[in-house]
Amino acid sequence: MTSYIKFTAISGSHSEAALCYLLEVDDVKILLDCGWYDPFNLDELKHLKRVAKQIDVVLLSHPDLAHLGAFPYAYSKLGLSCPVYATLPTQNMGRMCMLDVALSKKNATEFDLFTVEEIDTAFDKITILRYSQPTGLSGMPKGILITAYAAGHTIGGTIWKIKKDTDEIVYAVDYNHKKERHLDGTVLHANGVVLESLFRPSVLITDAYNSLAVHAARKYRENALFESIISTLRNGGNVLVPVDSSSRVLEIAYVLDHLWNSQRLSFPLLFYTHKSYRTTQFAKSMLEWMSDSITKQFESARENPFDLKNVRLCHKQSDLAKHHGPKIILASCISMETGYSRDLLVEWGADPKNTVILTSRGPPNTLARKLYEEWESVAHSRPGTVVPPVHFDLQLQLNITKKVPLEGAELLEHTASERTRLEREAAQAALIARSKTIIEEDESDESESDVDDVDMEQLLHDQFDLYLKDATKSGGFFKQTQSYRMFPYIERKKRFDDYGEVIQPEKFMKDFDLDQLMNQSMAVDENAEVRRPDPFAGHLKTAHHMDIDKEEQTTEPSIPTKYVAETENLHMTCKVVYIDLEGLSDGRSIKTILPQVNPRKLIIIHGTEEATKDLMNSCLQVDEMTKEIFAPRVGEMINVSSATNIYQVKLTDSLVSSLNFSKLDDYELAHITGKIHYSEDSSTPTLDVLPIEEQQGWHPPLFVGDVRLTELKRVLQNEGIVAEFKGDGVLVCDDHVAIRKTSAGQIVVDGCLSANYYKIRSLVYKQVAIV
């Protein structure tokens, strides 16, 4: 038997659209990510809508819109109801990301694609996994294991490995091999070596997003960030940094907090999102998911590294009013299509003293991407360099939609409708209370309640064989005792509580002023729609808002609002600079890592046409790389099944006892020569030793295993042999022996016959099993 593997790109192929892919392993349908970008165009989900109800399991890799933006909508509207797997930070930070986006949209428009409650419901369904924890899929056919590995791009970011029999599929998108301030690099390529469990997979699925990008050294990018911020603040300007609300913002905030400490700056450094308090609290509680340096700092100083002393948390506009003068604000959303970053751009964009710092290119077809493209056309930056901020002279026509208070006739009409609704709800509540206290049957007698449901007219025409024994007469041994036919009667009883008759509350309620009640109970969260008042309770809280934190504690009542839309012409004269802080490997690194992973088949996704073609051509030019490289378009299904066949046989005891095993890592291998025969009582064939007359005696040795030159170099150096790579991947040992690997994977050892040659050759043999 062999696994049947199919791959279909649902979104994010030959483009930079959100990531969403369907992987089919035999009969199991696995959804790899479920992304969606603001402004949430429903047309982008047409392919997902067709398959959502058929999905068996979902794997989420990063806590941002690109990877899980459509997850709440698919779970609540498209019928997605299967198990979902992710790491703990992906669940927590992904929830914060979606909540911030939903609240930002509700502040600007009548957003109803998914609610706060639907977000919570969807994320509560996620099954939490730790890194390097093989897990069998619950409710699925046995044999499929999934394992999460650190991707390095975001906290909890994941590279997924799906294993079925001899097939291993690795899904590695948006990874970063370089160590950052709060995250270690990906385990896919740590310290220049590919992780053994991710090496040589049957299929590797990876992205081409940064194939054409060339990054400057990190210290140059951070210095450019510091200089742009400090020069703007000291010149009396403000700095706007559009960020995501829960993942990459952690790195930026951590870097800036250290800058404020080292430079002893007093300018306000603000983190401005709807869930800023809870995001930082989650970051403080998940240090074990961060870098080793973060953990060591916590253990040595006993202070939480993410207790950012210089970062002030804001979640509403009134919080900004407390900070005067020049300031820097990390504001969501990163797309600038909605949220606080868009509001601040409208407010600050026309002032030449202010600066907008873009830390990513932004999602396609968004305001952030438009600003990046305008900056690129003006700055004329060269690959691998960082240019200073440039002044913009750009006319932007923005559609501004915002929530404003009701006034005049609209307010009166709304008040009248609310009064009518309150009266109706109060009458309904009184009716329900009254109906509960009327005379009814005794609830303890279940049989009476069953008869009570029968129509009485039908009951009178029916006959009942119900008899009572007459205790006054006896019919003897053979005579039947005389009985009397009884008509069924249901005795109704009045309900009482422990202290007497049940009280009817409406008889004792005083008349209340509906206008006063509305003013007291109609609380409008600044992040939500108009709330419905409850006449018998002060406030109405949803399950989500039952969590007690500073955001909920500082909620202020407001008057009813409506949404208004207008077009505003913004003449941007502020400075703009792009500094890449996305935390992704650049093209040069990707083209170095992929040949070392050396997959048997490669699928390239999520990149522009140019980037996809560039990465494909680069891989095809590497002799050691596979030539089975695919780049499917959206909606296109490709078959990447392997040609491996697996057969089950029984081994006889005599055959097993004759085997000589060789150890290779955790495996023991042996060469078997036998004869298969079928027994009548079993459908599984049996392998037995060959008869003596059929045995051929000697067989050529087989070398099992894959020698990795990087590992072999380390082994040789530990034995005191000088080994260095020279030329085209040739390992030269003591300047006399050369070791190279052919395109077929064979190891060739060249050199003069000497004691050193035989020593090196024996060390090479120890890297494989000889059977």
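Residues numbered from 1 in each chain as written. Predicted model: local features only at pLDDT ≥ 70, side-chain atom pairs only at ≥ 80, totals over all residues. Heavy atoms only, no water.

Chemist: I would appreciate a short explanation of unusual backbone geometry in the present structure.
Modeler: In terms of backbone geometry, most residues other than glycine have negative phi values and most peptide bonds are trans. The step from Asp38 to Pro39 runs through a cis peptide bond, and the omega angle for that step is 25 degrees. A cis geometry characterises the amide bond from Ser332 onward to Cys333, with omega recorded as 15 degrees. Summarising the element assignment, Cys333 is placed in the loop between strand 17 (328-331) and helix 11 (340-348). Backbone geometry places Asp165, a non-glycine residue, at a positive phi of 55 degrees. Summarising the element assignment, Asp165 is placed in the loop between strand 9 (158-164) and strand 10 (167-172). In this structure, Arg200 takes a positive phi of about 55 degrees despite not being glycine. Among the structural elements, Arg200 can be located in the loop between strand 12 (193-194) and strand 13 (203-207). (Helix = DSSP H or I, 4+ residues; strand = E, 2+ residues; numbered from the N terminus.)

Chemist: Mind showing me how you'd approach the environment of Leu204 here?
Modeler: Counting through the fold element by element, Leu204 comes out in strand 13. Once the C-alpha coordinates of Leu204 and Tyr171 are considered, the two residues, 33 residues apart in sequence, prove to be 6.1 Å apart. With sequence-adjacent residues up to four places away left out, Leu204 is seen in contact with Val170, Ala172, Leu594, Val597, Pro599, Lys601, Leu602 and Ile603. (Contact = heavy atoms within 4.5 Å.)

Chemist: It is not clear to me how empty space enclosed by the protein should be interpreted in this structure. Could you clarify?
Modeler: Leftover empty space is mapped by rolling, across the atoms, a probe with the size of a water molecule. In the structure shown here, the tally under the stated rule is 8 cavities of 30 Å³ or more. Here the largest cavity defines a volume of roughly 510 Å³. Elements represented by at least two residues in the lining of the largest cavity include exactly helix 2 (65-68), helix 4 (88-108) and helix 7 (248-263). Taken together, the residues of the lining of the largest cavity sort by class into 13 nonpolar, 10 polar and 8 charged. (1 Å grid on protein atoms, 1.4 Å probe; cavity = no way out; pocket = protein on both sides within 12 Å on 5 of 7 lines; lining within 4 Å. Points joined across faces, edges and corners; volume = space filled by probe spheres on them. Nonpolar A, V, L, I, M, F, W, Y, C, P; charged D, E, K, R; others polar.)

Chemist: Whenever I open this one, the nonpolar core confuses me. Can you help?
Modeler: If you look at the biggest cluster of nonpolar residues, it comprises 82 residues, and the most contacted ones within it are Leu48, Phe71, Phe114 and Leu256. Shared between two domains, this core holds at least three residues of each, these being domain 1 (5-135 + 144-213 + 584-633) and domain 2 (218-405 + 562-578). (Core = buried A, V, L, I, M, F, W, Y, C linked by side-chain atoms within 4.5 Å. Buried < 20%, exposed > 50% of the residue type's maximum accessible area, 1.4 Å probe, protein only. Domains from an automatic or database assignment.)

Chemist: What exactly am I supposed to notice about the sheet that holds strand 26 (residues 575-578) here?
Modeler: Backbone hydrogen bonds are what pair the strands of a sheet, in a parallel or an antiparallel way. Spatial strand order, 16-15-17-14-18-26-19: 7 strands in an open sheet with mixed pairing. The open sheet has two edge strands with one neighbour each: strand 16 (311-314) and strand 19 (390-391). Of the strand pairs in this sheet, strand 15 (residues 269-272) and strand 17 are connected by 4 bridges, and their pairing is parallel. Within strand 17, the residue paired with Tyr272 across the bridge is Ala331. Taken strand by strand, helix 12 (residues 367-379) contacts strand 18 (355-358), strand 19 and strand 26, and its axis lies near 95 degrees from that of strand 26. (Pairing = 2+ DSSP bridges. Axes fitted to C-alpha atoms, helices over the stretch in contact; angles between N-to-C directions.)

Chemist: Before we go on, may I ask you to explain the pairing of strand 8 (residues 144-150) in this structure?
Modeler: On a regular strand, each side chain points to the face opposite its neighbour's, so the side chains alternate between the two faces of the sheet. Burial of strand 8 is extensive: 6 of the 7 residues sit out of reach of the surface. Here strand 7 (residues 135-136) pairs with strand 8 via 2 bridges, running antiparallel. Bridge pairing in strand 8 links Thr135 to Ile146. Bridge count between strand 8 and strand 9: 7 bridges; the pairing is antiparallel. Within the sheet, the bridge partner assigned to Ile144 lies in strand 9 and is Lys164.

Chemist: Where do I start with the sheet that holds strand 36 (residues 723-726) in this structure?
Modeler: Here we have 4 strands laid out as an open sheet, ordered 36-37-38-39, and antiparallel in their pairing. Only two strands of the sheet have a single partner each, and these edge strands are strand 36 and strand 39 (747-751). Between one strand axis and the next, the sheet turns by 25 degrees as a mean value, whatever way the strands run. Of the strand pairs in this sheet, strand 37 (residues 730-733) and strand 38 (residues 737-741) are connected by 3 bridges, and their pairing is antiparallel. From the neighbouring strand, Leu731 faces strand 38, where its bridge partner is Ile739. Of the strands in this sheet, strand 36, strand 37, strand 38 and strand 39 touch helix 21 (residues 709-718), which is tilted by about 145 degrees from strand 36. Together, strand 37, strand 38 and strand 39 form the strand contacts of helix 22 (residues 755-765), whose direction differs from that of strand 39 by roughly 170 degrees.

Chemist: What exactly am I supposed to notice about a nonpolar patch on the surface here?
Modeler: Residues Val649, Leu651, Val656, Ile672, Ile676 and Tyr678 make up a contiguous nonpolar surface patch of about 530 Å² in total accessible area. Checked against the element boundaries, Tyr678 lands in the loop between strand 33 (674-677) and strand 34 (686-689). (Patch = residues over 30% accessible without salt bridge, like charges linked within 9 Å, V, L, I, M, F, W, Y side chains within 5 Å. Areas by Shrake-Rupley, 256 points an atom, 1.4 Å probe, with all protein chains shown as cover. Salt bridge = Lys/Arg side-chain N within 4 Å of Asp/Glu carboxyl O.)

Chemist: Would you explain the packing of aromatic side chains in this entry?
Modeler: Any two aromatic rings considered together are summarised by their centre-to-centre distance and by the angle between their planes. Applying the stated criterion across every chain, the model contains 16 aromatic pairs. For the ring pair Tyr272 and Tyr340, a centre distance of 3.8 Å and an interplane angle of 5 degrees mean the geometry is stacked. On the criterion of sequence distance, the pair formed by Tyr272 in strand 15 and Tyr340 in helix 11 is long-range, its members being 68 residues apart. Exposure class is identical for Tyr272 and Tyr340. Each is buried. Through successive ring pairs, a cluster of aromatic residues spans Trp36, Phe40, Tyr73, Phe111 and Phe114. For the cation-ring pair, Arg302 lies above Phe298, with the distance from its terminal atom to the ring centre recorded as 5.8 Å. Positioned above the aromatic ring of Tyr209 is the side chain of Arg361, whose terminal nitrogen or guanidinium carbon lies 4.2 Å from the ring centre. (Phe/Tyr/Trp six-rings, centres within 6.5 Å; stacked < 30°, edge-to-face > 60°. Lys NZ or Arg CZ within 6 Å of the ring centre and 35° of its normal.)

Chemist: I would appreciate a short explanation of the pattern of salt bridges in the present structure.
Modeler: Oppositely charged side chains can form a pair if their charged atoms are brought close together. Tallied over the entire structure, the rule returns 29 salt bridges. With a closest N to O distance of 2.6 Å, Arg369 and Glu16 form a salt bridge. Of the two residues, Arg369 is situated in helix 12 and Glu16 in the loop between strand 1 (5-11) and strand 2 (20-25); the sequence distance between them amounts to 353 residues. With a shortest N-O distance of 3.6 Å, Glu180 and Arg218 are connected by a salt bridge. A residue pair is termed long-range when its members are at least 10 positions apart, and Glu180 in the loop between strand 10 and strand 11 (189-190) and Arg218 in helix 6 (residues 218-234) qualify at 38 residues. Looking at Glu180, the relative accessible area reads 7%, which means it is buried. Several salt bridges converge on common partners, so that one network encompasses Glu180, Arg181, Arg218, Glu222, Arg248 and Glu251.

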